[in-house]
Each structure stands twice: as structure tokens, then as C-alpha cells.
Amino acid sequence: LVARGYRITVPQIRAEDSLRPQFEADGQGIVWPVSIMYPEAMQQDSIQAFHEADTIKDHLDLMFGHDAPPLEWDDKKQYSRDKVELYYLSNAG
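Predicted, not measured: the structure shown is a model, and the values here were computed from it.

The rules behind each value
- Residues numbered from 1 in each chain as written.
- Predicted model: local features only at pLDDT ≥ 70, side-chain atom pairs only at ≥ 80, totals over all residues.
- Heavy atoms only, no water.
- Core = buried A, V, L, I, M, F, W, Y, C linked by side-chain atoms within 4.5 Å.
- Buried < 20%, exposed > 50% of the residue type's maximum accessible area, 1.4 Å probe, protein only.
- Helix = DSSP H or I, 4+ residues; strand = E, 2+ residues; numbered from the N terminus.
- Contact = heavy atoms within 4.5 Å.
- Phe/Tyr/Trp six-rings, centres within 6.5 Å; stacked < 30°, edge-to-face > 60°.
- Lys, Arg positive; Asp, Glu negative; His and termini not counted.
- Salt bridge = Lys/Arg side-chain N within 4 Å of Asp/Glu carboxyl O.
- Polar contact = N/O pair within 3.5 Å; in protein donor to acceptor, adjacent residues only side chain to side chain.

**Some thoughts on the nonpolar core**
Core analysis: the biggest nonpolar cluster contains nine residues, these being Ile36, Tyr38, Ile47, Phe50, Leu60, Met63, Phe64, Leu71 and Tyr79. When residues of this core are traced back to their parent elements, those giving at least two are strand S2 (30-38), strand S3 (43-51) and helix H1 (56-64). Top contributing element to this core by residue count: H1, with three residues. Beyond its immediate chain neighbours, meaning those up to four positions away, Tyr38 contacts Gln43, Gln44, Asp45, Met63, Phe64, Leu71, Trp73 and Tyr79.

**Let's talk about the packing of aromatic side chains**
Inspection of every chain in the model, using the stated rule, returns three aromatic pairs. Seen in terms of ring centroids, Tyr38 and Trp73 are 4.9 Å apart; in terms of plane orientation they differ by 55 degrees. Their pairing is tilted. One end of the pair, Tyr38, is in strand S2; the other, Trp73, is in the segment after H1, with 35 residues separating them in the sequence. Considering the side-chain rings of Trp73 and Tyr79, the 5.2 Å spacing of their centres and the 70 degrees angle between planes classify their relative orientation as edge-to-face. The exposure class of Trp73 is partly exposed, given its relative accessible area of 24%.

**Regarding the side chain of Asp74**
Examined against the element boundaries, Asp74 turns out to sit in the segment after H1. No salt bridge forms around the buried Asp74; measuring N to O, its nearest opposite-charge neighbour Lys77 is 6.3 Å away. A distance of 2.9 Å separates a polar side-chain atom of Asp74 from the backbone nitrogen of Tyr79.

Printed below as a string of C-alpha cells:
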């Protein structure tokens, strides 16, 4: 990872050891673990395999699209694709 220009630091959020960046089997791409936090609801989701070529839009469309089931804990239906705002934390270490 360092050879590709990534700077690896101590994670801001503790994660399982299995949730670390990994090369694909062919060595061509990197797959990252991603945590999505819902601080207002004190909840969190994990994407265990977020490929470096994926977009956040693709994942949000899957998670909050018209065909996606509602979040179990979202009784008020506050989280939908058109209502979710995303903030990205980078180089936090």
C-alpha cells in the first residue's frame, strides 16, 4: 500500500483485524473496509469490501435505494437516499 502512495496511520475507530485494506487476488485493486456512522441514532453500518474503483454513490444507492429495505432502527423513516448527507474523513492520522 505504501508503494502505491497510501499513508497508513492508526485508525480513528477501532475495527476488527479482518477489516484492513487488502489487495485483490490478482493484485490489481485494493479493497477497503468502510464504516458509515449515524451519530444521531448512535448506529453504524460496515461495508467490508469497498473496492477502490467503487463510488460512494453506488453504495448509497444500494443501501438507501427504492428497492432497499428500511433500516431496522429507523422508525421515523429519516434515512432515505434523498435525505442522507455524507462527510468523508481522510488523512485523519
